[in-house]
Amino acid sequence: LWRRLTDRVVVAGSSIAMAPVVLNETGALVWDLLERSLTLDELVSELRLLRDGPESLIRDDVVDLLQQLCDREVVVTP
Amino acid sequence: VSSHLSVVERRNAVASSGLGAAPVDPRSVLDPDRWPALVDRIRADRLEGLLSLYATDSGVATERQLDQSRELHTAAALLAVHLEQRLLEVAALFDEHAIDFRVLKGSAHAHLLYPEPALRSFGDIDLLVRGDRIGEAVRLLTELGGRRRFPELRPGYDRRFTKGVAVVLPGGDEIDLHRTLAPGPFGLALDPGELFEREQAFELGGRCLPAMDPADQLLHSCYHAALGRAEPNIVALRDVAQSVERPGLHVGTALERAVRWRGRIVVASSVALAAGMFGLAADMPIVEFAERYRPDRTETRWLATYHGSARTTANQALASMQALPGWRERGAYAVAVAIPTTRGSIPHRWRRGIRQLGSR
């Protein structure tokens, strides 16, 4: 359950007990990239084309976001 | 004379966003003095998604207005996905108890009619349920802590005559269980059972949910636009515009059903309004039908009970009796509205209507 807005994405958790969250900037970019089946390295590499900053920082952001989405059971790890 | 558009003109321009039709006046900047009133109107009309598109694409918004329109849109999207979480919960509950349903309006229209679901905002959940199961559906929702907005007028009224039952769940989420597609005579003249003979599915949160087929969706949008309130419902009119341009729609099928439901006047008036407001092509078959259709006296009289000075509970009750098949149904309906058993809690409009009936 999600909505794509102009510059952000709104994502619901897997149950009514989890309030929906808003993904801005990197979060919204990652959400769009999740449409494609990419590895973590590929996600980071794609994001480096879209935003400035050191790779380690981008990787940390992505891992943090994916962990939050996993916790909400919005995405599942293989 | 102000060089700015009025709030209603601007609201109409917002409602046209993304359809390819030119806004009312693209050169006119958004009037800062009228902006708060416009925001109130947009929220009341559930046009937050289209306001965000309008503010982004038209170039008439200030940075502050652009930010505010995005915040409004975010709030509307948060509500939409929250309601869809609730919808999945209720769908699972109804499946478990074998209660057949169709998702109406908000979520179904967002996913099936619009290029981006975020463009169609909504504030409640609407489900069509068979009349003979509506009591059980209400019971299941009250077991979740829900409460009916209005009591049943008389035992059996929900099953046979009601347009629907609104249930408010803890936390304020409203679920409208519809027995038919409209209040009054037009809702009673159609057989809701046939709406369960066909469906189309949409995907939500990994499961398929049933909605009405494209022709029924168009008809329902027309009914909602023309019969829901005294003023035409602008979101429903936009739904009409989205419906008629949908590739899967068979206009002939929709009109055949409208004939059977005695609702051609509703289709013609809603499509004509949508065509005028959104610039629908005049050579579209449904627009041509709307332009040339001449309603009969009964349809005209029925439609008049939804608008203007003839919009009274008594007038609608009398027209409703005419729409019902057979004297037994008419008698039961008359007794239910004239002698309700829930005297202590009859909504005010019914009390007034009953007085009006008694004075004739």
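Please refer to the structure higher up on the page.
Small disclaimer: the values here were computed from a predicted structure and weren't measured.

(A) Structural context of the overall build of chain B. When helices and strands are counted, chain B shows 17 helices and seven strands. For 360 residues, the compact-globule formula gives about 21 Å, and the C-alpha radius of gyration of chain B, at 21 Å, lands near that figure. For chain B, the spread of C-alpha atoms along the principal axes amounts to about 60 × 45 × 40 Å. Of all 360 residues assigned to chain B, the portion counted as buried reaches 55%. Sequence-distant contacts in chain B: of pairs separated by 6 or more residues, those separated by 24 or more amount to 70%. Summed over its atoms, the accessible surface of chain B is roughly 15400 Å², and 52% of this surface lies on carbon and sulfur atoms.

(B) Layout of the pattern of salt bridges. Residue and element names in this part refer to chain B. For the structure shown, the criterion picks out 29 salt bridges over all chains. Residue Asp-95 is joined to Arg-207 by a salt bridge in which the shortest nitrogen-to-oxygen separation is 3.0 Å. Linking Asp-95 in helix H4 (residues 63-96) with Arg-207 in strand E7 (residues 207-211), this pair joins segments that are 112 residues apart in sequence. Here Arg-207 falls in the partly exposed class, since its relative accessible area comes to 24%. In this structure, Arg-133 engages Glu-136 in a salt bridge whose closest nitrogen and oxygen atoms are separated by 2.7 Å. We classify Arg-133 as partly exposed; its relative accessible area is 22%. Glu-136 gets classed as partly exposed once you look at its relative accessible area, which sits at 24%. A single salt-bridge network, built from bridges that share partners, covers Glu-194, Arg-198, Asp-213, Asp-216, Arg-257 and Arg-260.

(C) Broad picture of the nonpolar core. Residue and element names in this part refer to chain B. In this structure, Phe-186, Leu-227, Val-267, Ile-286 and Tyr-333 are the most contacted members of the largest nonpolar core, which totals 79 residues. Dropping the residues within four chain positions of it, Leu-227 is found in contact with Ala-182, Pro-183, Phe-186, Val-266, Leu-303 and Tyr-306. Core analysis: the next-biggest nonpolar cluster, separate from the first, contains 39 residues, Leu-127, Val-165, Leu-177 and Leu-209 among them.

(D) Local environment of helix H10 (residues 234-244) of chain B. Residue and element names in this part refer to chain B. With 11 of its 11 residues buried, H10 lies for the most part within the structure. Ile-234, Val-235, Ala-236, Leu-237, Arg-238, Asp-239, Val-240, Ala-241, Gln-242, Ser-243 and Val-244 are the residues of H10 that are buried. Looking at where H10 begins, the residue whose side-chain oxygen comes 3.0 Å from the main-chain nitrogen of Val-235 is Asn-233.

(E) Fine view of the interface of chain A and chain B. Contacts between the two partners involve 17 residues from chain A and, on the opposite side, 24 residues from chain B. Summed over both sides, the interface between chain A and chain B buries roughly 1600 Å², with carbon and sulfur atoms accounting for 65% of that surface. The tally of links between chain A and chain B comes to two salt bridges. Between Glu84(B) and Arg3(A) there is a salt bridge, and its shortest N-O distance comes to 2.8 Å. The interface formed by chain A and chain B includes six residue pairs in polar contact (both at pLDDT 80 or more). For the side of chain A that touches chain B, the secondary structure elements donating two or more residues are strand E1 (2-4), strand E2 (8-11) and strand E3 (21-24) of chain A. For the side of chain A that touches chain B, the leading source of residues is E1(A), giving three residues.

(F) Layout of the pairing of strand E4 (residues 164-168) of chain B. All names here are of chain B. Counting buried residues in E4 gives four out of five residues, a clear majority hidden from the surface. When strand E3 (residues 147-148) meets E4, the two strands line up antiparallel, connected through two bridges. Note on E4: the bridge partner recorded for Arg-148 is Val-167. Both E4 and strand E5 (residues 174-178) contribute to a ladder of five bridges, which runs antiparallel. What sits directly across from Val-167, in E5, is Ile-175. In this antiparallel pair of consecutive strands, E4 and E5, the connection spans five residues, and Gly-171 shows a positive phi of 100°.

How each quantity is defined
Residues numbered from 1 in each chain as written. Chains lettered and ligands numbered in written order. Predicted model: local features only at pLDDT ≥ 70, side-chain atom pairs only at ≥ 80, totals over all residues. Heavy atoms only, no water. Helix = DSSP H or I, 4+ residues; strand = E, 2+ residues; numbered from the N terminus. Rg over C-alpha atoms; globule rule 2.2 N^0.38 Å. Buried < 20%, exposed > 50% of the residue type's maximum accessible area, 1.4 Å probe, protein only. Contact = heavy atoms within 4.5 Å. Areas by Shrake-Rupley, 256 points an atom, 1.4 Å probe, with all protein chains shown as cover. Salt bridge = Lys/Arg side-chain N within 4 Å of Asp/Glu carboxyl O. Core = buried A, V, L, I, M, F, W, Y, C linked by side-chain atoms within 4.5 Å. Polar contact = N/O pair within 3.5 Å; in protein donor to acceptor, adjacent residues only side chain to side chain. Buried area = accessible area lost by both parts, 1.4 Å probe. Pairing = 2+ DSSP bridges.

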